[in-house]
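# Understanding the architecture of this molecule
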Amino acid sequence: MKKLLLLGCLLLAACQPATDVPTPASSFFPTATVPPTPVPATVTPEPTFTPEPSPTPFPRYFTNEFDSSLAGWVILQAGNDIVPEIATEKDSLVLQMDSPHTWVYVLYGAEDYTDVQVDASFEFREGIPSSVGLICRYSEEKGWLEMNISNDGTYNILYGVWVDTGIADYLPVFADKMEYLRNEGTQEIGLICQGDFLWLSVNEKLLRKVDVSRYEAKQGKIGIAASSYENTPVVTSFDRVTVTEPAAP
């Protein structure tokens, strides 16, 4: 069972058991790793987040180097009730998960996007296996698209969607191994959502172009993600997130 919990008071979720767990379509979605295993979530989504008033408007395109507050962002926890440690320190957003099978989602709640490019600079600080990810077109009604890369050398694309009142499901879109990920140091991850396709990149190398035309997620919020699997603690940091309008294909 997968639960989404709001950190703070931005969103609320009510949880109940779910049934009919789909069978993964690929060996890259092992039973021990969730959300790569498409396990139904037990979540009741609340109304769309409305940012608190700000002295200046929230920008549509920007670079955030995490040297100030997280105004305009929504933080969600998934997996269990043990709250991870989240802090901005030394111009980095640090996500520490001390419990297994925990996922942290940091969504930019101020804007919705159809076509968008999201690039992030990150570091796997501690814990193997673990993963980081990028999200686009997040909508409570139509679902969202999620790219995850793991420091075990694999990556995947997931489609998350609310399938009934209080129940969501993660469906595998694509998974494979990669050769561009390093074992240490600061690295880059990129996701372009444009039209019917996603472009995935790691360390400025194109991994894959993926057709997502059959999925209903067409517009929504962007975000970043990090997760622990069976081993803890896991510490991941993001030094920068850049959101831009993608160039014409």
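All values reported here derive from a predicted model rather than from experimental measurement. Sequence order sets the numbering: in each chain, residues are counted from 1 along the sequence as written. Reporting in this predicted model follows two pLDDT cut-offs: at least 70 for local features of residues, and 80 or more for side-chain atom pairs to be given and counted; totals over whole chains, interfaces and linings ignore these cut-offs and use all residues. Remark: hydrogens and water are excluded; side-chain values derive from all non-hydrogen atoms of the structure.

Time to look at the nonpolar core. Residue types Ala, Val, Leu, Ile, Met, Phe, Trp, Tyr and Cys, when buried and joined through side-chain atoms within 4.5 Å, form a set referred to as a nonpolar core. Using a 1.4 Å probe on the protein chains alone, a residue whose accessible area is under 20% of its type maximum counts as buried, one over 50% counts as exposed, and one in between counts as partly exposed. Grouped together as the largest cluster of nonpolar side chains are 47 residues, with contacts concentrated most on M147, I149, L198, L200, I222 and F238. The contact rule is simple, with two residues in contact once any of their heavy atoms fall within 4.5 Å. Discounting chain neighbours no more than four positions away, the residues touching I149 are F122, F124, S130, S131, V132, T154, Y155, M178, L181, I189 and V202. V74, L107, I135 and Y229 belong to the second-largest nonpolar core, a separate cluster that totals 12 residues.

Cysteine sulfur pairs qualify as disulfides if the two atoms are within 2.5 Å. Counted by the stated rule, this structure contains one disulfide. Each sulfur of the disulfide joining C136 and C193 lies 1.9 Å from the other. On the sign convention where negative is left-handed, the bridge of C136 and C193, at about -90° about the S-S bond, is left-handed. With a gap of 57 residues between them, C136 in strand 9 (residues 130-139) and C193 in strand 13 (residues 187-194) connect regions that are remote in the sequence. C136 sits in the buried class, given a relative accessible area of 0%. Where helices and strands are cited, they refer to DSSP runs of H or I of at least four residues and of E of at least two residues respectively, numbered from the N terminus.

Here the focus is the environment of M147. Relative to the helices and strands, M147 is located in strand 10 (residues 143-150). For the pair formed by M147 and A175, sequence separation is 28 residues and the distance between their alpha carbons is 9.7 Å. Apart from residues no more than four positions distant in its own chain, M147 is found in contact with V132, G133, L134, N156, I157, I189, G190, L191, L200, S201, V202 and L207.

We now examine the pairing of strand 14 (residues 197-202). A large share of strand 14 lies buried, amounting to five of its six residues. DSSP calls a pair of strands paired once it identifies at least 2 bridges connecting them. By the bridge criterion, six bridges tie strand 13 to strand 14 in an arrangement that is antiparallel. Its bridge partner being in strand 14, I192 is matched across the sheet by W199. Relative to strand 15 (residues 205-211), strand 14 runs antiparallel, the two sharing six bridges. Paired with W199 across the strands is K209, a residue of strand 15. Turn length for the strand 14-strand 15 hairpin, with the two strands adjacent in sequence and antiparallel, is two residues, and the turn residue N203 shows positive phi of about 50°.

Quick look at the pattern of salt bridges now. The term salt bridge refers to a side-chain nitrogen of Lys or Arg lying within 4 Å of a carboxyl oxygen of Asp or Glu. Here the structure, examined in full by the defined rule, presents seven salt bridges. Of the charged contacts, one joins R137 and D115 as a salt bridge, the two residues approaching to 3.2 Å between their closest N and O atoms. One end of the pair, R137, is in strand 9; the other, D115, is in the loop between strand 7 (103-113) and strand 8 (116-126), and 22 residues separate them in sequence. On the basis of relative accessibility, which here comes to 2%, the residue R137 falls in the buried class. The exposure class assigned to D115 is partly exposed, which follows from its relative accessible area of 30%.

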